[in-house]
Amino acid sequence: LYMAIKKYKWFTRAELNARIRAFPFLSKVRRPPVIPVTTLKGRTGILPSGKGSIPYTSGQMLHFVLHSLELFKPLLRRHPSSFQSPEYLAWVAHVRYFAALMKPSFTEETIADVDQMIFKAQTLFLSIPAYSQLWKPKNHFAQHFPGDIKRFGPPRTYWCMRFEAKNQDHKRAAKTGNFKNAPGTVAQFYAARSAHRLAKKRKHSLFSAEPGQATVKYAGTELTVGM
């Protein structure tokens, strides 16, 4: 995004955000929000910064990546040469192997295809001089996907999105205190919430009335009371 908007000026952040707002994403819950200005951080020489990030949840990022080529396409048509730029080709290759990893099942052949896709995407990425300082451990970890699939099955069955979603709950719980004892605050929050939910559930199931009698459930024991 930095190279497209800041360096090559293929489109503006406002134009991209207008596309994001209008795009018919498949998921309304995980619909990606607009790109903030803080995402487009750079360093000397009109180069992207390794500290630049998009404040998306993992679900929002997943949908943004899968739909990104369609998002960019009408914006890039004004600059036909952009479709053959090293940066865009590297991104296309990344999206292709990312999308391939979403499959619910794999064969030896499709696993080999994913391996080749990852190798191509990372080769294109490393061929871009401006990206020399952007290589991170997670780029290396992607090389292990083919082996992981053989051992554990499709990545969608063990990806970290649900764990990261739970982290959001922990963060919200921690913000209810003064951060002097964040673990205690989180524990107290979950204890209180669990108690509230149990009390609410018991309130709805306390009485089971029939004509002429009522059954009261208390501590796992049913007491029938005549009416």
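Report follows, based on the coordinates. Here the structure is a predicted model, which is why all the values come from computation and not from measurement.

1. Remarks on the overall build of the chain
Here is step 1 of the chain: Tallying secondary structure elements over the chain gives 9 helices and 5 strands in all.
Here is step 2 of the chain: Ordered by position from the N terminus, the helices and strands of the chain form the series α-α-β-β-α-α-α-α-α-α-α-β-β-β.
Here is step 3 of the chain: Within the span of the chain, comprising 227 residues, buried residues form 32% of the whole.
Here is step 4 of the chain: Accessible surface for the chain amounts to roughly 15,200 Å². Of this, 59% is attributable to carbon and sulfur atoms.

2. Thoughts on helix 8 (residues 161–174)
Here is step 1 of the chain: Along its 14 residues, helix 8 runs 20 Å from first to last C-alpha, staying within 8% of the 20 Å computed at 1.5 Å per residue.
Here is step 2 of the chain: Of the positions making up helix 8, those classed as buried are M161, A173 and A174.

3. Considering unusual backbone geometry
Here is step 1 of the chain: Residues other than glycine seldom take positive phi values, yet K9 does so here, at roughly 55 degrees.
Here is step 2 of the chain: Along the chain, K9 falls in the loop between helix 1 (2–7) and helix 2 (13–22).
Here is step 3 of the chain: Its relative accessible area of 58% is what places K9 among the exposed residues.
Here is step 4 of the chain: Positive phi, normally seen in glycine, also occurs at F179, with a value near 70 degrees.
Here is step 5 of the chain: If you trace the backbone, F179 turns up in the loop between helix 8 and helix 9 (182–205).

4. Some points on the side chain of S68
Here is step 1 of the chain: Looking at the element boundaries, S68 is found in helix 3 (residues 58–76).
Here is step 2 of the chain: Once residues lying within four places of it in the same chain are set aside, the contact partners of S68 are W91 and V95.

5. Observations concerning helix 2
Here is step 1 of the chain: Of all the residues in helix 2, the buried ones are L16, N17 and I20. Here the buried residues of helix 2 occupy an arc of 100 degrees about the axis, which is enough to place them on one side. The outward face of helix 2, more than 90 degrees from its buried face, is lined by the exposed residues A14, R21 and A22.
Here is step 2 of the chain: The secondary structure elements touched by the buried residues of helix 2 are helix 1 and helix 3.

6. Topic: the side chain of S49
Here is step 1 of the chain: By the secondary structure assignment, S49 is in the loop between strand 2 (47–48) and helix 3.
Here is step 2 of the chain: Residue classification places S49 among the buried residues on the basis of a relative accessible area of 18%.
Here is step 3 of the chain: Here S49 is in contact with K41, G42, R43 and L134, once residues within four sequence places are set aside.

7. Some words on the nonpolar core
Here is step 1 of the chain: Counting residues in each nonpolar core, the largest one holds 27 residues, and the members touching the most others are F11, L16 and I20.
Here is step 2 of the chain: Of all the secondary-structure elements, those providing two or more residues to this core are helix 1, helix 2, helix 3 and helix 4 (86–100).
Here is step 3 of the chain: Not counting chain neighbours up to four residues away, the residues in contact with I20 comprise F25, R31, P32, P33, V34, I35, Y56, F64 and L71.
Here is step 4 of the chain: Membership of the second largest hydrophobic core comes to 14 residues, among which are A100, M102, V114 and A121.

How each quantity is defined
- Residues numbered from 1 in each chain as written.
- Predicted model: local features only at pLDDT ≥ 70, side-chain atom pairs only at ≥ 80, totals over all residues.
- Heavy atoms only, no water.
- Helix = DSSP H or I, 4+ residues; strand = E, 2+ residues; numbered from the N terminus.
- Buried < 20%, exposed > 50% of the residue type's maximum accessible area, 1.4 Å probe, protein only.
- Areas by Shrake-Rupley, 256 points an atom, 1.4 Å probe, with all protein chains shown as cover.
- Expected span 1.5 Å × (residues − 1).
- Contact = heavy atoms within 4.5 Å.
- Arc of directions from axis to C-beta.
- Core = buried A, V, L, I, M, F, W, Y, C linked by side-chain atoms within 4.5 Å.

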